[in-house]
Amino acid sequence: MKKNLSLFVVFMLCVNMLSGCNSNSSKNNDNIRIYLTVSQGDTFRNSLIDAAKAEAGRIGAELVAEDAQGVLETQAAQIKKAAEEGYDAILCGLVNTDTALEFEEIAGDIPIIFYNSCPDDKRLKADKYVYVGSDETDAGRYQAEYILDNSQGMDEINVVIFKGELGHSGTKGRTSSLISTLKASGKNVNFVFNDTANWNQEQAKELFNIFLSTGQPYDFVAANNDSMALGVLDAYAENNINPADAPVLGVDATADGCAAIEDGRMVFTVYQSAKGQGEYAVKVAAELARGGSISGIEGATKDNKYVYVPFEKVTAGNVSEYK
């Protein structure tokens with residue numbers, strides 16, 4: 001698949017170079033055209049897109065959004081289309097972060113604002129190829145801190161981990177930070193199950209049922225997102241497991257995740273602002289389309305390659321603020 005994608009991208013790159021597509025410059029908000037491609041729509045990503053459309057409307061820019069449906073070749077074709085049609089900026093939620101360089105080549109002079117899944121730092125370039133999102137390591141660290149705060153009388157902790165899509169920056173950052181923070185605590189931490197459920201509720205339920213069949217002890221379940229956490233809770237319900245016996249933690253503070261905290265089934269999640277990420281992705285796109293710099297945008301890093309929208313801890317004590 002990856003080899004075929006590379007051949008496909010090289011072909012389109014050659015076509016793109018022959019056509020001489022370039023982005024427009026010196027734009028005002030009222031004639032900025034932004035193209036958005038999403039890896040695959042889901043609750044969080046669709047909310048982000050809605051926020052991006054609202055922000056584009058607010059500043060008078062045009063935004064067109066299309067879904068790649070998880071297909072690499074489709075997303076490559078979408079980037080090519082944006083280049084051919086002369087869009088001024090591209091918002092790209094990558095199907096696969098390994099394709100960032102190829103997509104930059106296809107886009108030519110058009111700036112790309114990556115969101116939702118961050119490519120390798122070497123694929124970013126100040127004020128040209130920028131990532132807008134939240135610092136994924138914070139989410140994993142916050143989960144670990146909750147576990148440590150609520151296991152102070154325990155010398156040994158058994159932790160189950162459910163990961164998102166392999167290769168996704170959120171999966172990497174959240175999982176590695178969770179593990180490293182727990183290990184640094186000095187406690188004896190056993191990771192009794194560590195597998196991917198691809199952000200999916202049903203898949204998490206099925207995998208947790210398989211884990212239960214092993215009979216291994218577990219004290220906490222930490223999932224990379226709320227959907228997988230809810231899948232674990234579904235398995236709890238099927239097996240008459242009291243959620244208080246082994247607390248479940250998620251990320252994203254989705255409506256369903258917050259409801260699970262309100263009713264006491266889930267103990268913790270981390271708010272990731274789809275609204276904030278969508279708004280700031282468009283702010284960055286508009287600035288770069290005008291040939292400007294992101295240095296004056298709130299959350300921009302000193303190297304002008306990232307704009308971070310902060311994560312926020314959500315528990316029963318403050319969940320009403322996130323409904």
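Structure first, text after, so check above.
Residues numbered from 1 in each chain as written. Predicted model: local features only at pLDDT ≥ 70, side-chain atom pairs only at ≥ 80, totals over all residues. Heavy atoms only, no water.

Caption draft 1: A look at unusual backbone geometry. Even without being glycine, W199 reaches a positive phi, approximately 70°. Note on placement: W199 falls in the loop between β7 (188-196) and α7 (201-212). Located in the positive-phi region is D252, a residue other than glycine, with phi close to 120°. Within the secondary structure, D252 sits in the loop between β9 (248-249) and α9 (255-262). Residue D252 is classed as buried on the basis of its relative accessible area, which comes to 10%. (Helix = DSSP H or I, 4+ residues; strand = E, 2+ residues; numbered from the N terminus. Buried < 20%, exposed > 50% of the residue type's maximum accessible area, 1.4 Å probe, protein only.)

Caption draft 2: Quick look at the pattern of salt bridges. As enumerated under the stated definition, the model contains 19 salt bridges in all. Its salt-bridge partner being E55, residue K283 comes within 3.5 Å of it at the nearest N-O pair. With K283 in helix α10 (residues 274-289) and E55 in helix α2 (residues 43-59), this residue pair connects regions lying 228 residues apart in the sequence. Assessed through its relative accessible area of 29%, K283 is described here as partly exposed. Judged by its relative accessible area of 5%, E55 falls in the buried class. Salt bridges sharing partners connect three or more residues here, namely D138, R141, E145 and K313. (Salt bridge = Lys/Arg side-chain N within 4 Å of Asp/Glu carboxyl O.)

Caption draft 3: Layout of the sheet that holds strand β1 (residues 33-38). An order of β2-β1-β3-β4-β5-β11 is seen for the six strands of this open sheet, with the pairing classed as parallel. Single-partner strands in this sheet number two, and they are β2 (62-67) and β11 (306-308). Across this sheet, the average inter-strand angle for adjacent strands is 20°, counted without regard to direction. Pairing of β1 with β2 involves six bridges; the strand directions are parallel. Each residue of the ladder has a partner; that of T37, found in β2, is E66. (Pairing = 2+ DSSP bridges. Axes fitted to C-alpha atoms, helices over the stretch in contact; angles between N-to-C directions.)

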